[in-house]
Amino acid sequence: MRIDVVSIFPEYLAPLELSLIGKARQDGLLDLNVHDLRTFTTDKHRSVDDTPYGGGAGMVMKAEPWAQALTVVAELHPDDGGKPVLIVPSPAGERFNQALAYELAEEKHLAFACGRYEGIDERVIEWAQEHFTVRPVSLGDYVLNGGEVAVLAMVEAVGRLLPGVVGNPESLVEESHSDGLLEYPVYTKPASWRDREVPPVLLSGNHGKIAQWRRHQQYARTADRRPDLLAGFDAGSLPRADRTELHHLGYDVVDGQLVRRDDA
Ligand code: 6GU
């Protein structure tokens, strides 16, 4: 996969040289290129922002440097027919999640346009649709100062799904959100630590019981921390023991969907 990131703070993306993603780049699995937006300015002051039409606080990123930068990035697209995907990090975007990470991991070429200040002149977003599939994307309902930190998160989430990046692909299967639930708790040696014991079932060697215990932990955790996830959970073909566990947590299966009981 090829990724191009455009930012006025290219140094912000330095962590992508480390760890799993850094290794993936060294191994040639991920071709990541960071571009400084200011190199696409033509004025003496290399200005990338100006005051907003209509008034209001803050500054807006100017259209022309972005058009110059994105034109170059679009020309770097491996010619395979489809358009590259342009992700525009913004608190006003669609929510990023694991499903979107998997979707983006299928692409040949991703580009990220890191806005700062109050955002990028909206005409750039419209114009860019001639060259890219444009997707404004948000990490969640809070405000960052710019898109760079969001890009770090999204490139890591997508990059680790590329074939060969995560050594043991099994670890992608059992993690949080891969099955719509939060992950079960994990433990390692010693079995007794500061008077706290590892749950005995994990030492039993009974793999069926262990799998069931873990799934029940997933239900309990998800009900406690992220009940919103249970509303969309496909409960159509759950074993009896799972339905019983969910009943104890206050949920019943109705038409394959989990429903929170009024009396719970
Ligand atoms: Cl993707 N960008 C910015 N600037 N703020 C955010 C965000 C993205 N997601 C949540 N807050």
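Residues numbered from 1 in each chain as written. Predicted model: local features only at pLDDT ≥ 70, side-chain atom pairs only at ≥ 80, totals over all residues. Heavy atoms only, no water.

1. Things to note about the overall build of the protein chain
Scanning the protein chain from terminus to terminus reveals nine helices and eleven strands. For the protein chain, whose C-alpha radius of gyration is 23 Å, the value lies well above the compact-globule estimate of 18 Å for 264 residues. Its C-alpha atoms put the protein chain at 70 × 45 × 45 Å along the principal axes. Across the 264 residues that make up the protein chain, the buried fraction comes to 40%. Intrachain contacts of the protein chain at a sequence separation of at least 6 include 71% that bridge at least 24 residues. Taken together, the 27 basic and 41 acidic charged side chains of the protein chain have centroids lying 6 Å from each other. (Helix = DSSP H or I, 4+ residues; strand = E, 2+ residues; numbered from the N terminus. Rg over C-alpha atoms; globule rule 2.2 N^0.38 Å. Buried < 20%, exposed > 50% of the residue type's maximum accessible area, 1.4 Å probe, protein only. Contact = heavy atoms within 4.5 Å. Lys, Arg positive; Asp, Glu negative; His and termini not counted. Charge placed at Lys NZ, Arg CZ, Asp CG, Glu CD.)

2. Focus: the site of the ligand
As a structural note, the neighbourhood of the ligand is formed by Pro89, Ser90, Pro91, Val137, Ser138, Leu139, Gly140, Tyr142, Val143, Leu144, Gly146 and Ala150. Tyr142 places a polar main-chain atom, nitrogen or oxygen, 2.5 Å from a nitrogen atom of the ligand. Burial of the ligand by the protein chains amounts to 96% of its free accessible area of 280 Å². Looking at the shell around the ligand, the elements that each hand over two or more residues are strand 5 (85–95) and strand 7 (133–138). The greatest single-element share of the shell around the ligand, amounting to three residues, is contributed by strand 5. (Near = heavy atom within 4 Å. Polar contact = N/O pair within 3.5 Å; in protein donor to acceptor, adjacent residues only side chain to side chain. Areas by Shrake-Rupley, 256 points an atom, 1.4 Å probe, with all protein chains shown as cover.)

3. With respect to unusual backbone geometry
Each neighbour pair has its own omega, and for Lys189 with Pro190 the value is 5°, a cis peptide bond. Topologically, Pro190 is positioned in the loop between helix 6 (170–173) and strand 8 (192–193). Of note, Arg194 is a non-glycine position whose phi angle comes to about 50°, a positive value. Residue position: Arg194 is located in the loop between strand 8 and strand 9 (196–197). In this model, Asp195 sits at a positive phi of 65°, which is unusual for a non-glycine residue. Along the chain, Asp195 turns up in the loop between strand 8 and strand 9.

4. Some points on the UniProt feature "binding site: S-adenosyl-L-methionine" (unreviewed entry) in the protein chain
In the numbering used here, UniProt assigns the feature "binding site: S-adenosyl-L-methionine" (unreviewed entry) to Gly115, Leu139, Gly140, Asp141, Tyr142, Val143 and Leu144. Considering only the residues just annotated, the largest pocket is lined by Gly115, Leu139, Gly140, Tyr142, Val143 and Leu144. Its location among the elements puts Tyr142 in the loop between strand 7 and helix 5 (148–159). Turning to its location among the elements, Leu144 is positioned in the loop between strand 7 and helix 5. Excluding residues within four positions of it along the chain, Leu144 makes contact with Leu139, Val149 and Ala150. (UniProt positions renumbered as here; feature names shortened; annotations may be inferred. 1 Å grid on protein atoms, 1.4 Å probe; cavity = no way out; pocket = protein on both sides within 12 Å on 5 of 7 lines; lining within 4 Å.)

5. Digging into the packing of aromatic side chains
The full count for this structure, using the stated rule, is two aromatic pairs. Here Phe9 and Tyr12 contribute two aromatic rings whose centre-to-centre distance is 6.4 Å and whose plane-to-plane angle is 55°, an arrangement assigned as tilted. (Phe/Tyr/Trp six-rings, centres within 6.5 Å; stacked < 30°, edge-to-face > 60°.)

6. A short note on the layout of surface pockets
By rolling a water-sized probe across the atoms, one finds the places where empty space is left. Empty space within the largest pocket amounts to approximately 500 Å³. If you trace the largest pocket, you find 25 residues lining it, with Pro89, Ser90, Pro91, Ala92 and Gly119 closest to the centre. Residue contributions to the lining of the largest pocket peak at five residues, all from strand 5. The class makeup of the residues in the lining of the largest pocket is 14 nonpolar, eight polar and three charged. (Points joined across faces, edges and corners; volume = space filled by probe spheres on them. Nonpolar A, V, L, I, M, F, W, Y, C, P; charged D, E, K, R; others polar.)

7. Things to note about the domain arrangement of the protein chain
Domain parsing of the protein chain yields domain 1 (2–167) and domain 2 (192–260). The distance between the C-alpha centroids of domain 1 and domain 2 comes to 38 Å. (Domains from an automatic or database assignment.)

8. Structural notes on helix 5
Look at helix 5: 16 Å from first C-alpha to last across twelve residues, which is about the 16 Å you get at 1.5 Å a residue. Judged by how many residues are buried, helix 5 sits mostly within the fold: nine of twelve residues are covered. (Expected span 1.5 Å × (residues − 1).)

9. Quick look at the UniProt feature "domain: tRNA methyltransferase TRMD/TRM10-type" (unreviewed entry) in the protein chain
If you check UniProt for "domain: tRNA methyltransferase TRMD/TRM10-type" (unreviewed entry), the listed places come out as residues 1–230 in our numbering. From the first C-alpha to the last, residues 1–230 spans 33 Å; its make-up is 32% helix and 18% strand.

10. Focus: the environment of Ala99
Along the polypeptide, Ala99 turns up in helix 3 (residues 98–104). Taking relative accessible area as the criterion, Ala99 reaches 52% and is therefore assigned exposed. Along the backbone, Ala99 and Asp141 are 42 residues apart, and their C-alpha atoms lie at a distance of 18 Å.

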